[in-house]
Each structure stands twice: as C-alpha cells, then as structure tokens.
Amino acid sequence: MLELDDRDRFERLVMPHQDAAFNLARWLVRSRTDAEDVVQDAMMRAYRFFAGFHGGDARAWLLQIVRNSCYTWMDKNRKAEKTTEFDETIHAGGRSESPETAAVAASERQRLMKALESLPARSREVLVLRELEGCSYKEIATITSIPIGTVMSTLARARERLQETLRGAAGEPGSRKEARHEV
Amino acid sequence: MRCEHSQSLLHGYLDGELDALRAEEFEKHLENCSQCIAQLEEQESLRTSLISAQLYERAPNALAMKIKRQIANAETEAQWSWVPIWRWIGASAAFAVLVAFTYHAVEMMLAKRAPVVEQAAVTEVIDAHVRSLQPGHLTDVLSTDQHTVKPWFDGKLDYIPPVKDLANNGFPLLGGRLDVLNGRSVAVLVYGRRKHFINVFVWPDSSQDAAATPTPGTRNGYQWNYWRAHGMEFCAISDVSAPDLHDLAELLQE
C-alpha cells in the first residue's frame, strides 16, 4: 500500500503525463480503444511501482512502463493486430479551414498516419517520441532501452523508412510496400 | 553513392543533438555536399508536414476518470486487507486462552473479538505511530513522572488511563498525548526503550470482558501488541523487537 503523500505525489508527478502515455500507446498498438486498455493497465503498474521511482524524469519513467505494456499487448495480440484496420471515423476532421483545404489537409493527414502506422514498431516508437512527443535522445534512450549512441542512427533509419513509404504511397496509391513485416 | 553523413550525423544536426564541435564540422561539410543539403531540406519538410498533420492524440477524458477511480479502489482494498489478519489473530488468541483458562473463557473471547476489529485497525494505529514520530508530535505532556502524566489526561478524555513508570524495567515513561483512533480521542502513553519509542494506545474496554493476554503481530515492519486489562484495551506499537514489546505488555498488565 502506498502512503497518502505517495498517492498525492503520484497524482502530481505522473498523472499529468497521461496524454504522453496515451499518444505513445495509440501509435504502438494502432488503435485508440486498445490504447485505452493498455494505458489503464500501465498506469496501475506505474502506481504499484511508484515506490521505486526516486525522482528524475517522471515522463520518461512512465513512458518506459507504457512501452513495455504495449509490447506485451502486441505479443499477445500479434495475430489479431495484423487484421486491425484503422478506424477512420474516429479520426476525421476537427479543423476550421474551408471544406476544400480541410479535405486536402485531412487526406494529407491520412496519408502520413497510414505511412507511420505501416512502419515497424521500433521505427514507429522513435518517430513518435521524437517528432510528436519532442523527447531528447537521452529520453528516447531511457524509454526504449536503446543505447544512447544508437538513437541517432535508429532515428535516421526510421525517417528513411517513412520517406520511402510516403514516396511509394504517392507513386501507386494504396500500395503497402513497407507493410507491417516486423513488430 | 550516398553521403554517409546523411545516414546519421545529419539527423543529430536536424534534432539539435550534436555538440558544438560536431555541429560546426557538419556545417562545414554541408558547404560542399549537395546531397546532404537536399536530404536536410527533405527531412525538414517531412518534419513540417508531420507537425501540421497534428498526429498527436490526447487521452480521452473518460480514461483519466477511469484511472483515478481504479487507484482509489486499489487504496480501499489495501486498507481493508487487515481484516483477515485480525480474524487469524482472533483464532490464535482464542487458542492461547484455551490453553490458559477454561473453555468458558474461550466462548466469551470469540463472542467479544468482533469489536476489536472495528476499534483498532492496525493500519490506523501504525499511521498514528508514524505521525507521532514527526518532530514535535510525540508528546503533548513531556514528563517522566507518572504523577504528572496521569492528571494531565484528567478532563481531556472521559476516562483516565492507568499510567506506570517502568524506568526500572528498562521502559522509561517519556510522556503522553491525545490521539485519534477510529474517530474518537484516545490516550497514548509514550515509553522509551533504548533509542526507540513505543506508543501505547489506551481506550476503555466496552466489552466488559475478561482480561486478554497480549497478542503480538507485525505489519509494515512494525511490531504491535494488543491486550485488555483493568477495564481498558491496549495496543502498543513500535519498531522494537517483539519480545521487548511483550515484556512491556506484561508489565502494564500487572
């Protein structure tokens, strides 16, 4: 059992990073609904392990736990995951441009989203942490357990893959050149 | 042929993660490498499109609520987990009494055990003990004299706890204070044992029952000991050893 001020500390230090936790999980498991389950589970694990957190970067500490939960989930749901299709209805819209610009932006967003989702998980996670979450190389190393010396080359490879995928998608629409061969 | 820098160093530069020296080196390299310039531009435009696509997905509000509720539930479960321990103690205490007294007493013991569960949650006693060790919280009346400590309680509670100085037995009385257990004010006697502190919580025994021999227990590394005597219920708690606490219990029970 945690003492009361531990619970208080947890709410102050860890709970504010729920968005970061959810964003990482959503891109790793590629579904909002599954991400909710994984994050809920990860938060409870974080809460139980909180006594072992001795200050420092609470976001990186939490994301490390979230990432582990995601991989556990992906291992368990590997077969199901391959057939999980992206739910477009949940992600549509939410912008204030003219209908035409909005449509173009939405399709550009779709294109990037699909490309990112088609990358292997190891590429996906570094891109999400760097480009969406704004993590430093040091934080990425902590979260993903990649040695800090190889974060740069891992990112380089991931970006190259993303570019290739986008080029492929632009050339022949609907192609899945880099499709989900590795998780 | 691709420039090898475009594979790694370029990305460190793009991310602002190169140290000053390497950044300068790379900038010099950029002056002569059209390939890296093109690649850097391409990477920058990729980053811009990633940003403008707003791919970041925030947690739904409902999730935060769910997590808060789950944490609150986990807390409640933890707080109630002492109940089975008390049941177990009830059984073992009954066994001790069976050996010591007649089976008459056993029946009474079992019948009267229940109120203890409500009155003295070990968790609560431990919390109060830990609280008391904060600077300035141990004693309200600081005195090694039982004739000072005992009258101090007069008028503050609707009962007077028995107070004994046991300095000669290695348990010097340090003082007393009021504390709250289960929503009611109770008397606490503070004893010393070498460098340790022992809190003895005392409250009137509502069970009108026969005296009960000291029943020890451990929780979160703390020793506690519960007994009934002189129409009072006692719960001693400390980080001293179990035999020490038992000795104190027996001395206070006399």
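Further up the page is the structure itself.
Because the structure is predicted, anything quoted here is derived from the model rather than measured. Within every chain, residues take consecutive numbers counted from 1 along the sequence as written. Chain letters start at A and ligand numbers start at 1, both assigned in the order the entries are written. Local features in a predicted model are, by the rule used here, given only for residues with pLDDT of at least 70; side-chain atom pairs are given and counted only at 80 or more, and totals for whole chains, interfaces and linings are based on all residues.

The next subject is the overall build of chain A. Runs of H or I in DSSP of at least four residues are treated as helices and runs of E of at least two as strands, each being numbered from the N terminus. Helix and strand content of chain A: ten helices and zero strands. For chain A, the succession of helices and strands along the chain, N to C, is α-α-α-α-α-α-α-α-α-α. Residues with at least 20 neighbouring C-beta atoms inside 10 Å of their own are called buried, those with 12 or fewer are called exposed, and the rest are partly exposed, where every C-beta is derived from the backbone. Per-residue burial for chain A yields a buried fraction of 34% across its 183 residues. Taking all contacts inside chain A whose residues are at least 6 apart in sequence as the whole, residues at least 24 apart take part in 66%. Whether two residues are in contact is decided by their C-beta atoms, placed from the backbone, lying within 7 Å.

The subject of this paragraph is the pairing of strand E3 (residues 184-193) of chain B. All names here are of chain B. By definition, two strands form a pair when at least two bridges between them are found by DSSP. Sheet topology note: the strand E2 (residues 173-181)/E3 ladder contains eight bridges and is antiparallel. Paired with arginine 177 across the two strands is valine 188, which belongs to E3. Where E3 and strand E4 (residues 196-204) come together, seven bridges link them in antiparallel fashion. Bridging from a neighbouring strand, tyrosine 191 pairs with isoleucine 198 of E4. Hairpin connection of E3 to E4: two residues between the antiparallel strands, including arginine 194 at a positive phi of 50°.

A separate point is unusual backbone geometry. Residue and element names in this part refer to chain B. Phi is positive for arginine 194, close to 50°, though the residue is something other than glycine. With respect to the helices and strands, the residue arginine 194 is situated in the loop between E3 and E4. Residue histidine 230 is not a glycine yet carries a positive backbone phi of 50°. With respect to the helices and strands, the residue histidine 230 is situated in the loop between strand E6 (222-229) and strand E7 (232-238).

Every contact between the two is made by 28 residues of chain B and, on the other side, 29 residues of chain A. Taken together, the elements giving at least two residues each to the side of chain B that touches chain A come down to helix H1 (9-14), helix H3 (34-52) and helix H4 (61-80) of chain B. It is H4 of chain B that contributes the most residues to the side of chain B that touches chain A, nine residues altogether. For this scheme, ten residues count as nonpolar: Ala, Val, Leu, Ile, Met, Phe, Trp, Tyr, Cys and Pro. Four count as charged, namely Asp, Glu, Lys and Arg, and the remainder, Gly too, count as polar. Within the side of chain B that touches chain A, the residues separate by chemical class into 13 nonpolar, seven polar and eight charged.

Here we come to the pairing of E7 of chain B. All names here are of chain B. The buried fraction of E7 is high, at six of seven residues. Bridge count between E6 and E7: seven bridges; the pairing is antiparallel. Bridge assignment links tryptophan 227 to a residue of E7, and that residue is phenylalanine 234. Hairpin geometry of E6 and E7 is characterised by an intervening segment of two residues between the two adjacent antiparallel strands and by a positive phi of about 50° at histidine 230.

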